[in-house]
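Report on the structure
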Amino acid sequence: MPDPTTAEKLAEWRERAAPHVRLPGYERGAVTPKIAHFGVGNFFRVHAARYLDDCLHVPGQTDWGIIGIGVLDSPQSRAKAAAYADQDGLYTVTEYAPDGAATARVIGAMIDYLYAPDDPAAVVDTLAGPNIRIVSLTLTEGGYFQDQTTGTFDAAHPDIRADVQSTAPRTAFGMIVAALRRRRAGGVAPFTVLSCDNLRGNGDTARQAVVGYAAQIDPELARWIDAELSFPNSMVDRIAPSVTPAIRDRVNAATGLPDALPAIAETFSQWVVQDRFSAGRPRLDEVGVELRDDVALFEAVKGRILNASHMLLAYPAILAGHRLVHDAMADPRFPLLLRRFLQLDVLPFVQGPAGLALGTYIENTLERFGNPAVGDQLLRIAADGASKIPTFHARTTELLLHNGADPIREAFLLAAYRRSLRGVDEHGQRFDVTEPALNAADRDLLGGTDPLDALKATPFAALRLWEQPAFIDAYLAMVDSIDDEGIDAALRRT
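Residues numbered from 1 in each chain as written. Predicted model: local features only at pLDDT ≥ 70, side-chain atom pairs only at ≥ 80, totals over all residues. Heavy atoms only, no water.

Description of the pairing of strand β4 (residues 102-107)
Bridge count for strand β3 (residues 91-96) against β4 is 6 bridges, and the pairing is antiparallel. From the neighbouring strand, Tyr91 faces β4, where its bridge partner is Ile107. Counting the residues that bridge the hairpin from β3 to β4 gives 5 residues, and of these Gly100 lies at a positive phi of roughly 95°. (Pairing = 2+ DSSP bridges. Helix = DSSP H or I, 4+ residues; strand = E, 2+ residues; numbered from the N terminus.)

What follows is the structure, given as structure tokens:
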């Protein structure tokens, strides 16, 4: 029987929605969940959840609904949980084409939401039940407790140590392992863990975190997880800006719906996944998901072209006074910087998957960056640079140095990043700096008077750039240029 509360909320939204808004075409009250997802942020809501909503429209697929799980304990996270409860998990997604054309739809795939800080046991109970076949994750690049120097699982992290010593784990991995322990003891088959984060080898990284955590409490359980669970690698791609109050009001005025948590995105979307699911999967291939074994090649192209370009753009553009991506792309200095970077530093050293023309991919990427209708925020991209810069630039930096190529643009990136941590642009305007992965020692190294100390901060230490004379020369020249002459002069040297 359809859930009456679900039917009532959707009926209310049907009455209020503008004629152009697409609403769920399936019987939402009959949807049951086989997927639990940690981290229901903007990206997941416009990407994986949108694909899964499409799956629910496919005959015979209504048992692939989602249970969302919130882990962070903050006023913002509590407000989000309250909004999801009030809206019965419904929310709108508005997609903007480069020409400004917009389409809107209501996503109904998330049929429940659990707020772990209030009741972690309820999360473990849900994951331990036999209905859950996939546990998916969007925890951000820095959310996998990976030691930035060694690349291994950081079992000494305070959050992990606290979880291991507790009977009520608070991290996603603590709850996942607690549930798997119960499933194993009860003879329930394990679920698939599917990372949807913007990481190369995200499935391998998820395996390392889950197995690494399990090894702290039960080595035999860790061996069972490593042998029995699937951790598919995937490549995810869609630009999903933050939604400000002004954007929310604009979107709601257009849709006619009282959505406390609307999401927006570009029209482009791509999801490439290894078809390795140990407990079944929805028919993703029927809704545009690419099931392929060469995910690593897609990851390399996307990470080293799109994501790396985003990072290279963000810090100098913010310092120059820009706050929106399309505004920076309208400043001819920045498209020129990105084209030089892609043509000289990336293309000679990256291999694309079969069927992907890298030149076309680059042009498409730059066009996406210039989409004014999306209004993506540079500060969103710049956030957590300590995790993102090594993820998307380490390989390019290594290859440039190994091949004796000019590292000037990679040196410029680190110099601009170091300067951005002061939180003030060259016009004296202050901006927020969001760096959750930096510890006090790293902040001291990055903010000290000797710029070479920044190269020894944890995010960059593994590259040992202080031992590379060519990099040191380029980096010091960029630091001096930015500090003494400004971003424009430094850009001319790139």
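Now that the structure has been shown, the text picks up again.
Focus on the environment of Leu400
Secondary-structure assignment places Leu400 in helix α16 (residues 385-402). Judged by its relative accessible area of 0%, Leu400 is buried. As a C-alpha pair, Leu400 and Phe471 span 71 residues in sequence and 9.8 Å in three-dimensional space. Each residue touching Leu400, except ones within four places of it in the same chain, is listed here: Asp345, Phe349, Ala405, Asp406, Pro407 and Glu410. (Buried < 20%, exposed > 50% of the residue type's maximum accessible area, 1.4 Å probe, protein only. Contact = heavy atoms within 4.5 Å.)

Overview of the side chain of Thr92
Among the secondary structure elements, Thr92 is positioned in strand β3. Those residues in contact with Thr92, other than ones at most four positions away along the chain, are Trp13, Arg105, Val106, Val251, Leu257, Asp259, Pro262 and Ala263.

What to know about the pattern of salt bridges
For the structure on display, the rule yields 36 salt bridges. The salt bridge involving Asp118 is made with Arg78; its shortest N-O contact spans 2.9 Å. Here Arg78 lies in helix α4 (residues 75-86) and Asp118 lies in the loop between β5 (110-115) and α5 (120-128), a separation of 40 residues in the sequence. The partly exposed category is assigned to Arg78, whose relative accessible area is 36%. Across the pair Arg368 and Asp237 runs a salt bridge whose closest N-O atoms are separated by 2.9 Å. Taken as a pair, Arg368 in helix α14 (residues 358-369) and Asp237 in strand β8 (residues 234-237) lie far apart in primary sequence, 131 residues in all. In this pair, the class of Arg368 matches that of Asp237, namely buried. (Salt bridge = Lys/Arg side-chain N within 4 Å of Asp/Glu carboxyl O.)

Comments concerning the sheet that holds strand β1 (residues 33-38)
The sheet built from 5 strands is open, its strands ordered β5-β2-β1-β6-β7 with parallel pairing. For this open sheet the edge positions go to β5 and β7 (192-195), each flanked by a neighbour on one side alone. Recorded for the sheet is a direction-independent mean angle of 25° between the axes of neighbouring strands. Relative to β5, strand β2 (residues 65-70) runs parallel, the two sharing 5 bridges. When the sheet's bridge partners are listed, Ile66 is paired in β5 with Met110. (Axes fitted to C-alpha atoms, helices over the stretch in contact; angles between N-to-C directions.)

Notes on the packing of aromatic side chains
For the coordinates displayed, the defined rule picks out 7 aromatic pairs. Note on Tyr417 and Phe460: the rings are 5.9 Å apart at their centroids and 80° apart in plane angle, and the pair reads as edge-to-face. In this pair, Tyr417 is assigned in helix α17 (residues 408-420) and Phe460 in helix α19 (residues 458-461), connecting sequence segments 43 residues apart. Tyr417 sits in the buried class, given a relative accessible area of 1%. Residue class for Phe460 comes out buried when judged on its relative accessible area of 3%. Members of the aromatic cluster, joined through ring pairs, are Tyr144, Phe145 and Phe173. We note Arg45 situated over the ring of Tyr91; from NZ or CZ to the ring centre the distance is 4.7 Å. Over the aromatic face of Trp466 sits the side chain of Lys456, whose NZ or CZ is 5.9 Å from the ring centroid. (Phe/Tyr/Trp six-rings, centres within 6.5 Å; stacked < 30°, edge-to-face > 60°. Lys NZ or Arg CZ within 6 Å of the ring centre and 35° of its normal.)

Considerations on the sheet that holds strand β11 (residues 290-291)
The strand order β8-β10-β11 describes an open sheet built from 3 strands, whose pairing is mixed. Each having just a single partner strand, β8 and β11 make up the two edges of the open sheet. As paired strands, strand β10 (residues 270-273) and β11 are joined by 2 bridges and run parallel to one another. By the bridge assignment for β11, Val272 is matched with Glu290.

Considering helix α3 (residues 48-56)
Of all 9 residues making up α3, 9 are buried, and the element is well covered by its neighbours. Among all positions in α3, only Ala48, Ala49, Arg50, Tyr51, Leu52, Asp53, Asp54, Cys55 and Leu56 are buried. At its buried positions, α3 is contacted by β1, α2 (42-46), β2, β3, β4 and β10.

Some thoughts on the packing of helix α7 (residues 172-185) against helix α9 (residues 219-228)
The geometry of α7 relative to α9 is characterised by a closest axis approach of 11 Å and an angle of 85° between their N-to-C directions. Judged by the angle between their axes, α7 and α9 are roughly perpendicular. Judged by residue contacts, Val177, Leu180, Arg181 and Arg184 of α7 engage Glu220, Leu221, Trp224 and Ile225 from α9. Taken together, the residues of the contact of α7 with α9 break down into 5 nonpolar, no polar and 3 charged. (Parallel < 35°, antiparallel > 145°, perpendicular 65-115°, else oblique. Nonpolar A, V, L, I, M, F, W, Y, C, P; charged D, E, K, R; others polar.)

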